[in-house]
Amino acid sequence: MIDAAVEQLLLEDPKSYVIPADIVATVTATNTLEHALMVLSKVGYTRIPVLAPDDHLQGLLSLSAVTDSLLKVPGAAVDQLSGVQVADVMQPVKRWVDDPTKLEKILNLLVDEPFLPLVTEDMIFQGIITRREILKRVNYLAHNLDREYQVTRRELDPAAENR
Ligand code: 2BA
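To start, this report covers the structure provided alongside it. These numbers come from a predicted model, not from an experiment.

It is worth spelling out the sheet that holds strand β6 (residues 125-130) at this point. Across the sheet, three strands lie side by side as β1-β6-β5; this open sheet has antiparallel pairing. Since the sheet does not close on itself, it has two edges, and those belong to β1 (19-20) and β5 (115-119), each with one partner. By the bridge criterion, five bridges tie β5 to β6 in an arrangement that is antiparallel. Each bridged residue has a counterpart across the sheet, and for Val-119 the counterpart in β6 is Phe-125. Along the sheet, helix α6 (residues 131-148) makes contact with β1 and β6, crossing β6 at roughly 55 degrees.

This is the structure in structure tokens:
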């Protein structure tokens, strides 16, 4: 369990670590890979969400999936990606959160995931929580813990140390 003081400081402003949907780069499942490659190159991110027209989260598209698809055909040129759709290469979403205050879960999942999609109960995309934004909160915590709390080291129990 996360220490209560740590949790309180990290959670002071949960909205501050959510990147809202309207500024997240996304593609739709019916976009061609040529279009998706253009989006990925323009925004500079390596993996972005795939959304349905009604904003349902459908999957994730990675740059490596696009390049893999290109390399499958010997001598293929980028314009051949116009014959393949995002739906053909996107990956399923395995990890997401539906509440930005579920810090324990968020911290655990972000160990392995660079970002987590934030969705409603029925999987409508709300935005993402990235490692960068969470690390910014952790940095704030590291610099401000002793402003609001008196942090003192517990007396160590020598018997417990030798166990
Ligand atoms: P990656 O694209 O692999 O990016 C890893 C880290 O590299 C990012 O970490 C960020 O610190 C930096 N970075 C890469 N491209 C950047 C760019 N165009 N502008 C600014 N910084 C850039 P995080 O910021 O923690 O993001 C973690 C992951 O979340 C990213 O992994 C990407 O998959 C996704 N992501 C972040 N912001 C996004 C956005 N606005 N739209 C779509 N996906 C986003």
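We are not done yet, so read on.
On inspection of all chains with the given rule, the structure shows six salt bridges. Across the pair Glu-113 and Arg-47 runs a salt bridge whose closest N-O atoms are separated by 3.1 Å. Here Glu-113, found in the loop between α5 (103-109) and β5, pairs with Arg-47, found in strand β3 (residues 47-51); they are 66 residues apart in sequence, far enough to count as distant. The buried category is assigned to Glu-113, whose relative accessible area is 16%. Through salt bridges with shared partners, one network takes in Arg-47, Arg-95 and Glu-113.

About the cut-offs
Residues numbered from 1 in each chain as written. Predicted model: local features only at pLDDT ≥ 70, side-chain atom pairs only at ≥ 80, totals over all residues. Heavy atoms only, no water. Pairing = 2+ DSSP bridges. Helix = DSSP H or I, 4+ residues; strand = E, 2+ residues; numbered from the N terminus. Contact = heavy atoms within 4.5 Å. Axes fitted to C-alpha atoms, helices over the stretch in contact; angles between N-to-C directions. Salt bridge = Lys/Arg side-chain N within 4 Å of Asp/Glu carboxyl O. Buried < 20%, exposed > 50% of the residue type's maximum accessible area, 1.4 Å probe, protein only.

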